Structures are given as C-alpha cells and as structure tokens.
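In case you want the letters, here they are:
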4 protein chains.
Amino acid sequence: MNSDSRTPRPRRGRPRKEGAGEQILEAALEEYAEHGWAGFTMDAVARRAGVGKSTVYLRWRDKDSLLTAAVSARSGYIEAVDTGNFRSDLEALAGNLFRFFLDPIGWASLRITVDAAGSPAALGRFSEAVTGQHSQAAATIVQRAIERRQAPADVPGQTLAQCLYGAVTMQALTLSGDDRRLSDDQIMERVRPVVAFVLAGAGA
Amino acid sequence: MNSDSRTPRPRRGRPRKEGAGEQILEAALEEYAEHGWAGFTMDAVARRAGVGKSTVYLRWRDKDSLLTAAVSARSGYIEAVDTGNFRSDLEALAGNLFRFFLDPIGWASLRITVDAAGSPAALGRFSEAVTGQHSQAAATIVQRAIERRQAPADVPGQTLAQCLYGAVTMQALTLSGDDRRLSDDQIMERVRPVVAFVLAGAGA
Amino acid sequence: MNSDSRTPRPRRGRPRKEGAGEQILEAALEEYAEHGWAGFTMDAVARRAGVGKSTVYLRWRDKDSLLTAAVSARSGYIEAVDTGNFRSDLEALAGNLFRFFLDPIGWASLRITVDAAGSPAALGRFSEAVTGQHSQAAATIVQRAIERRQAPADVPGQTLAQCLYGAVTMQALTLSGDDRRLSDDQIMERVRPVVAFVLAGAGA
Amino acid sequence: MNSDSRTPRPRRGRPRKEGAGEQILEAALEEYAEHGWAGFTMDAVARRAGVGKSTVYLRWRDKDSLLTAAVSARSGYIEAVDTGNFRSDLEALAGNLFRFFLDPIGWASLRITVDAAGSPAALGRFSEAVTGQHSQAAATIVQRAIERRQAPADVPGQTLAQCLYGAVTMQALTLSGDDRRLSDDQIMERVRPVVAFVLAGAGA
DNA sequence: AATTAATCGAGACGGTACGTCGGGTCTTATG
DNA sequence: CATAAGACCCGACGTACCGTCTCGATTAATT
C-alpha cells in the first residue's frame, strides 16, 4: 500500500505531487474523526485534501484501503518508555495504550484490526503490523526488567503482554460516548490494578 | 431490540408471520458471514429470507439494528461451567470464548461491540449487554473458587476477568484467514498458559 | 423505449410515478436547449425534473436513449395543412419544417437522426420514425393536389418530397448562431423559390 | 484549423515530428469510424497514433477541432466532372455525393456540419467551408450547361443545387446499418429520378 | 357477513456514494 | 524547443444500496 520505499524517481511523465499522499491521509483521518465510519466519503476526503478523486484512487484501491492506510500511519506511537522500574514502565505503557484507545483514531485502529482479522485476508497483515509493533514494546520492557532482576528470567513475556493489552482493551470497550473522556488521573487509576495483577502473575 | 417479549398479542389486523423474525436473523448472519460488513445489504437479507423489505424494516429500524440484533442473538452461550476446580473452570470458560471468537458470527459480535463503543451512543448499550453477560460468568466462577478456598477472598475478580478475556481476544486478533481454523486441542494449548498466568496473579 | 402502450397496470409492487416520464423528457429538452449537447448531464436532468437518478435510469438505458426519446417526442408537429391550393400547401409545409429546424430542439432531431443513420443500428429505427412521419405529410398534400387536378397523376411524390425537405435542410444547414433567428417573412422568402422550383419539376 | 500552410520553419529547438499531424488525423478517423462519436476519445487517438497527448493538443485546441479537421481533410473530392452533357454531369455529381455519404467518414462530415450549425458558433464556419465547396461544383456544372444551351440562362442554380443535394441527403438518411452498402448500380438507380425531376424543374 | 386494520411480497421512489473514465492542463525527463 | 509519458483536477457516468413509499393481496378481530 503506497510502498514508496525510497525510489529516487527517475521516472518519466509528470511526477506525483509531492506530499499529496500525506495530505490525503491527513484529510481522511479528519473526516473519519468528524463523521465516523458511516459518514466517511471519498469525495469529501478528496475535497478536503484539495485533490482530485483520481489522485486518491491512483494511490489507494478503494475506501477500505485508504482508511486502513490512514489509520495504520497513526498507530505507531506506543513506545517502550524506560523509567528504571518495571512497574512504572508497565503503567506508562498501559496508560499510553489506554489514551490511544480513547482517541477516535486510535480506536479506529482497533476497529480496523478486528475487521482485518475477520476478513478473508483482504486487509492483509494489518493486524500483525499493528499488534506486532505493540508487542515489541512490551517485550523490550520485560527484557529490561529481567536484566534489572525485577522479574524472574522465565517470566512469560508474551502472555503478560496479552493480559495487559487485553485488559486495557476490555476496559476501553465498556466505555462509550462521553464516558470516553477520561483525565490522565482517571486513566492511571484504572490502569494500576491491572499492572499490579499482572506483576503478581509474573512473580515480581 | 425487537423486545416483544411475550406479548400475547390480541391485536387486530393480519398477525405477523410466524417465524419471519428468526428467518431474517438467520439470513442476516449468513449474509454477513459470506460477504462481510461491506457486502452486507438489506436487499440481499430480505431476498434470502424470502421476505419483503417492509417486513424487515417493520421489525428493525435500520441495518445496524438488524445486524446488532442478529449477532447478539448468538452471543449468549458463554456460561459458567462448573467442574469443581478453579483452573478447569477458567480453562473451559476461556476455551469457550476462544471458540466463540473463531466463529465468524462470534467475531462479528466483537466487531460490533467495538463499533458501538466508538460511535456516539448510536448502537446504545450493546457493548455493556454483551460484556456484562460475559463478566457475569467470570464472576460466578470466581465466587465459587473463593467458596472452595481455591482462591483468596480478596481476589480482584474483575481485573482477572479483564485479563483473561483480553488475552484471549488478543490471541484471536492475531489470527486471520485460514489460521482461524484451530482444533480444540490447539485452542486449549493456547489457553492454558493464560489461565496459569492469571491464576498466579490471583494468588491461587 | 418506454413503450407503455396502455397497460392497465395490474403489476406488482409500487406503481411507477404517474407523469414522471413526461417530466423527465421535459427537463431533458430544457437542459438540452440551455446547455447544448456537451453540457447535457443526467444529474441535471434528474434534478430539474425533481426526480432521483434511478427513476431516470429505470426508464431509459442511458444518456443517448433519453435524449433520443425526448427529441422524438417533439418531432411530431409537421402536419399536412389544407389550404385548397397545391402551392400554398407546399409553402406551408416547407415553412413549418424550416421553423422546426431553426428551433434548437427541432435541429437536435435532425442531428440525432443523422447519428442514428450512421450508427450500427444502435438508435434503431429512429430515422425512419421521424422521416416517415414527415413524408406522410408530403404524400397527403400531393394526393390532394392530384385530386384537385392541380398536379398530373403521375407526379413523383417521393422525389418531390425529398427535394423539398432536402432543400430546406440545406438552407438550415448554412445558418449558424444568430443567423438562425429568422422572421416568418424571411422564412417564406427563402421557401418560396424552392416551392416554385419543385412545382415546375412536378409539371404543375 | 491547423493553418500552418507552408511555414518553412526556421525555428529553434527540436523540430516538429514530420508527419505526426497526418498520423493523428488518420488515427482520429479510424477511431471515429470504429467507435462512433460517443466512443471517440483523445487518449485513444493519441495512443493509436503512437503519440503523446500533448502532441495532439499542441496542434488542435480540443476534441471538436481535431475531429472537424480530420473530417474536413477528407471532404474535398466532390468535383465538377465534365461529360459534355448536363444530365450526365448532374448524375455523376449526385452519385459522387451519395457515395461520399455512404462512407462512414463522409457521413461524419455531414454529422459534424449539422452539429456545427446548431452550436453557438463553436465549430465556426465549418458548415460553410464544406457546403461552399460543394455548391461551387454544382455552379460550375450549371454554368457549363447554360453555355451549351442545355439549360435556360435564368435557371436558379442555387435552388437546383439545394434540391439535388438535399434529395441525396434525405435518401442517405433513411439508410442505416447494413442498408448502407449499395452497389454503384443501386446508387445510380436512386439518383436518376432525382436528376430527372430537377432537370424538369430547371426547364431543361 | 361486512368492516376494519395490520401485515405481507413486490418493487419504484428520492438520495447519495461508489469506483471509473475522459477532457484538457501541467510537469517532468529525453531528444 | 518539441516531444512522450503520465499525473493532475474536475466532473459526469451508470450502478448499487439505503430507508421510505405505495400498491394489491391476505388474514384476523371487531362490528
């Protein structure tokens, strides 16, 4: 999908408009955030991006592809913080994920991931791309904890990550509408017991 | 949601066709399973159910309502088994949930739940209805474990449920296409470490 | 093409909106007159007729069909006048035809007829329908003249009609833009020598 | 209309590709003949001519101009034959015209002329260019007939031409599809009565 | 028995978005 | 410079679906 992959572009013909792809993705996200899935139209995206429809369709096969690309471009900011302490690291990670899910675009990322998993390989490896990226962050944190002797060497990192991510997801799932506006404190309040539970499970 | 709930119906006029509602729900699920969300159309549902469109719209407000109703009618078979052992109970529960998610209709249930949480109260309390039902099952199991002294009295039941459900969901999320065909053994193989981790977290 | 042909309509389903066809044809002619061929769009026709696009496409296969139908519905008012005199009859007929051709819609009729003749039977028998109708008028006039002894019995009516119609067409062909605004007097001025020539040819 | 007309071109830069204009015109006619007006696209013309779109647009303002130019380049072979006899001259002229109209490209010439007359001066003086050229041929023939005393001096040459051309056009108009394949004999059979009628009208 | 009213299948309705395609312009790299 | 390639913006095309509506035909409960 739009795999530019550093072509130095010695191509013939008029070159593709620089930055058009980004503008379109940006416009797509804004449209999605404003009108949701049902009110998300290609015409509106093109208009908002100041671009012809053909320019959009030249880059993405259809509506699904565009939305998927737009969302996955924003799914990346879950990183492995390093506070020097296992518990703090996990709390920060879980807090970031929670915040991400409360943002319409972050939540859309989950929605699309779920769609992708159910579809017949249509949306390809989107799920893996996103979840893989996330589990990487968790693995890094666990690794550091082992090195610091804050966790036993045989801690089941993957299961730990699944529980942590899953519990946060479940919590986000029960919030709808205005309930999704939470302060950072409220978020941490909800995150802490989960981290505590998971640490106990890890034997730390 | 079609809450007629045993109206004895002494109404005038032609009575509603017996069983039409069920046929429509059935058709809706089949259509959804075959064509997915994007290819799910009311016309096709009506045609497959051998029913006029008006008959459908007389029972459900719109497409979302129908799909939601269809899915939620199938979401109910996660029950609290009772094997006499905490671990076995949890494994059975998690296994059932996993199986449910690998079925297209069960997975659709999750998808709709995610949609509902993101929409502005549109799909109403669907999320809560479904997740509430599930958490009830978990709570029952935990309660029994406490009574049997297989778990400490202060075990954080809700967090435990979130981790267990979340971890299963995350696992289902990483499977797409043909990977979703798992035998019961394969399912249990994936479920066991999660239950073990969760039991450790619960101090049991 | 829209051949209603007095079906008393025992059909199933919602009946077609009465008069929608006429409204659409009307709108099509107005659009065509205002914007010409290039600016003639189906969307605009539907909007002007106060009708959904589907309603238009349910009645006519595509743009060409609609325009053809619209124009042919207006091609019919060339009738055989009866002044009691051969020359006057022909002058009236030719004058009417000339006026018809100076009107944008009348001219469109010719344009479409020409298209139809060149196309691979696509527009069907449109040419014949229109020209047949016209030649009928001429034949009637000639017949009456023979009965009145104003023309010899063996006058070649068809050739006469071809010459008369053809000459008028040729004259209309050389007029473009504002030159096409002619008064009735100017029209008759141009028509008279043709009729005189044709009468001479007929030996009258 | 591409009026370069013998520029010796001592210009700077890369010279225009020799013969590109002709190739484009050729391609345009072929495309028109194959797909008709509706299926006539600039992209296809450029592709068939093995030329970039800019090369086409460098020479012709737009689609109409190109098609007009292409057709008018082929409209020129109606000439005033000289058989020494008025009737034969007219029959030859009318026969040539008939043949011209039965050819797809010749017919296109008429179609464009009709379009041009109806449009707001868009296609300019195309009509006049073509019809003028033709009426010149007729005038020449009439002039010679007068000199040979085969026609009276006051014969209305223009009206005669209009009738002759018009009648041929009308006949061509009633033929569509396969009916347009006529042998030379069939053509002359249809032409002769018209010439006879016109000669009578001319008092010859 | 006649009336009333809710429901049924069918399918046309006004809208709106889809994804495609063509026109005419523009921007590059290559003669 | 002209050219070929081809991306650009624009907007119409014809299709499909939504949710509504209007039919004629059923089918009870109520008169």
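What you are looking at is a predicted structure, and each value in this text was computed from that prediction instead of being measured. (Residues numbered from 1 in each chain as written. Chains lettered and ligands numbered in written order. Predicted model: local features only at pLDDT ≥ 70, side-chain atom pairs only at ≥ 80, totals over all residues. Heavy atoms only, no water.)

## Examining the overall build of chain A
Going by this rule: Strands are runs of DSSP state E lasting at least two residues, helices are runs of H or I lasting at least four, and both sets are numbered from the N terminus onward. Three exposure classes are used, based on accessible area relative to the maximum for each residue type with a 1.4 Å probe and protein chains only: buried under 20%, partly exposed in between, and exposed over 50%. Whether two residues are in contact is decided by their heavy atoms: any pair within 4.5 Å suffices.
On a plain count of helices and strands, chain A comes out with 9 helices and 0 strands. The helix and strand sequence of chain A, counted from the amino end, reads α-α-α-α-α-α-α-α-α. For chain A, the residues scored as buried account for 47% of the 204 residues in total. Here the contacts in chain A between residues at least 6 apart in sequence split such that 69% fall between residues at least 24 apart.

## Examining the relation of the copies chain A and chain B
Condition: Least-squares superposition of the copies uses the C-alpha atoms of those residues scoring a pLDDT of at least 70 in each of them.
Superposition of chain A onto chain B requires a rotation of 178° combined with a translation of 0.1 Å along the rotation axis, giving an RMSD of 0.5 Å. The transformation just described matches what one would write down for a two-fold rotation axis. Of the residues that chain A buries at the interface, 100% are likewise interface residues in chain B, meaning the two copies contact each other through the same surface.

## Quick word on the environment of Q158(B)
One can find Q158(B) in helix 8 (residues 157-173). It is 7.4 Å that separates the C-alpha atoms of Q158(B) and A139(B), two residues lying 19 residues apart in sequence.

## Quick word on the protein's contact with DNA strand F
What counts is decided by this rule: One heavy atom within 4 Å of a molecule or strand makes the whole residue count as near it. Under the rule applied, a polar contact is a pair of N or O atoms within 3.5 Å (in protein, one hydrogen donor and one hydrogen acceptor; residues adjacent in sequence only if both atoms are side-chain atoms). Residue type decides the class: Asp, Glu, Lys and Arg count as charged, Ala, Val, Leu, Ile, Met, Phe, Trp, Tyr, Cys and Pro as nonpolar, and the leftover types, Gly among them, as polar.
Within the structure, DNA strand F sits among 48 residues, and G13(A), R14(A), T55(A), Y57(C) and T55(D) are positioned closest to it. Here, DNA strand F places atoms within 4 Å of the protein, and 68% of those atoms are sugar or phosphate. One nitrogen or oxygen atom from the main chain of G52(A) is found 3.0 Å from a phosphate oxygen belonging to DNA strand F. The separation between a phosphate oxygen of DNA strand F and a polar main-chain atom of K63(B) is 3.3 Å. Listed by contribution, the elements that provide at least two residues to the surface near DNA strand F are helix 3 (53-59) of chain A, helix 2 (42-49) and helix 3 (53-59) of chain B, helix 2 (42-49) and helix 3 (53-59) of chain C together with helix 3 (53-59) of chain D. With 5 residues, the top contributor of residues to the surface near DNA strand F is helix 3 of chain A. Looking at side-chain class alone, the surface near DNA strand F contains 12 nonpolar, 13 polar and 23 charged residues.

## Looking at the relation of the copies chain C and chain D
Mapping chain C onto chain D leaves a residual RMSD of 0.6 Å; the transformation is a rotation of 179° accompanied by 0.2 Å of translation along its axis. When the interface residues of chain C are mapped onto chain D, 98% of them again lie at the interface, so the same face is used by both copies.

## Quick word on the interface of chain A and chain B
The following threshold applies: Accessible surface is computed with a 1.4 Å probe, and the buried area is the amount of it that two parts give up when combined, taken over both parts together. Salt bridge, as used here, is a side-chain nitrogen of Lys or Arg placed within 4 Å of a carboxyl oxygen of Asp or Glu.
Each partner contributes residues to the interface: chain A has 40 residues there, and chain B has 40 residues. In total, about 3,200 Å² of surface goes out of reach between chain A and chain B, with carbon and sulfur atoms giving 70% of it. Counting the contacts that link chain A with chain B gives 0 salt bridges. Those elements that provide at least two residues to the side of chain A that touches chain B are helix 6 (104-118), helix 7 (126-147), helix 8 (157-173) and helix 9 (184-202) of chain A. Partitioned by chemical class, the residues of the side of chain A that touches chain B number 21 nonpolar, 14 polar and 5 charged.

## Remarks on the side chain of R59(A)
All names here are of chain A. Where we set the bar: Under the convention used here, Asp and Glu are negative, Lys and Arg are positive, and both His and the chain ends fall outside the count.
If you trace the backbone, R59 turns up in helix 3. It is E22 that comes nearest to the buried, bridge-free R59 among opposite-charge side chains, at 6.9 Å. At a separation of 3.3 Å, a polar atom in the side chain of R59 contacts the main-chain carbonyl oxygen of T55. If sequence neighbours within four positions are ignored, R59 has contacts with R16, K17, A20, G21 and I24.

## Regarding helix 4 (residues 63-72) of chain C
Burial analysis of helix 4 of chain C places 7 of its 10 residues in the buried class, which makes it a mostly covered element. Within helix 4 of chain C, the full set of buried residues consists of S65(C), L66(C), L67(C), T68(C), A69(C), A70(C) and V71(C).

## Regarding the environment of Q143(B)
Residues and elements named next belong to chain B. Positionally, Q143 belongs in helix 7 (residues 126-147). Taking relative accessible area as the criterion, Q143 reaches 42% and is therefore assigned partly exposed. Considering only alpha carbons, one finds Q143 and F86, 57 residues apart in sequence, at a separation of 9.8 Å.

## Describing the state of the cysteines
Put simply, the rule reads: Disulfides are defined as pairs of cysteine sulfur atoms found within 2.5 Å of each other.
Throughout the structure, instances matching the rule amount to 0 disulfides over all chains. C163(A) takes part in no disulfide bond, and the closest cysteine sulfur, belonging to C163(B), lies 4.9 Å away. Judged by relative accessible area, which is 0%, C163(A) ranks as buried.

## Topic: the interface of chain C and chain D
With 41 residues of chain C at the interface, the matching set in chain D holds 40 residues. Between chain C and chain D the total buried area reaches about 3,200 Å² when both faces are included, carbon and sulfur atoms providing 70% of it. Across the chain C-chain D interface, the total number found is 4 residue pairs in polar contact (both at pLDDT 80 or more). Elements that contribute at least two residues to the side of chain C that touches chain D include exactly helix 6 (104-118), helix 7 (126-147), helix 8 (157-173) and helix 9 (184-201) of chain C. Top contributing element to the side of chain C that touches chain D by residue count: helix 8 of chain C, with 12 residues. Considering only residue class, the side of chain C that touches chain D consists of 21 nonpolar, 14 polar and 6 charged.

## Points about the packing of helix 1 (residues 20-35) of chain B against helix 6 (residues 104-118) of chain B
All names here are of chain B. To be explicit about the condition: Axis angles are defined between N-to-C directions and span 0 to 180 degrees, where every axis is a line fitted to C-alpha atoms and, for a helix, only to the segment in contact. Note on terminology: angles under 35 degrees are roughly parallel, angles over 145 are roughly antiparallel, angles of 65 to 115 are roughly perpendicular, and the others are oblique.
Where helix 1 meets helix 6, the axes come as close as 10 Å, and the angle between the chain directions of the two elements is 90°. Considering their axes alone, helix 1 and helix 6 lie roughly perpendicular with respect to each other. The residues of helix 6 that touch helix 1, namely those facing L29, Y32 and A33, are P104, I105, A108 and R111. Partitioned by chemical class, the residues of the contact of helix 1 with helix 6 number 6 nonpolar, no polar and 1 charged.

## Observations concerning the packing of aromatic side chains
Quick note on the threshold: Centres within 6.5 Å make a pair out of two Phe, Tyr or Trp rings, where for Trp the six-membered ring is used; the pair is then stacked when the planes are under 30 degrees apart, edge-to-face when over 60, and tilted otherwise. When the NZ atom of lysine or the CZ atom of arginine is within 6 Å of a ring's centre and also within 35 degrees of its normal, the charge is said to sit over that ring.
Evaluated as defined, the whole model comprises 12 aromatic pairs over all chains. A ring pair is formed by Y32(A) and F40(A), whose centres lie 6.3 Å apart and whose planes are at 70°; its orientation type is edge-to-face. A ring pair is formed by F101(D) and W107(D), whose centres lie 5.7 Å apart and whose planes are at 85°; its orientation type is edge-to-face. Residue classification places F101(D) among the buried residues on the basis of a relative accessible area of 5%. Members of the aromatic cluster, each reached through a chain of ring pairs, are F100(A), F101(A) and W107(A). Seen from the ring of W37(C), K63(C) lies directly overhead, with NZ or CZ sitting 5.4 Å from the centre.

Read these as spatial facts, not as claims about activity.
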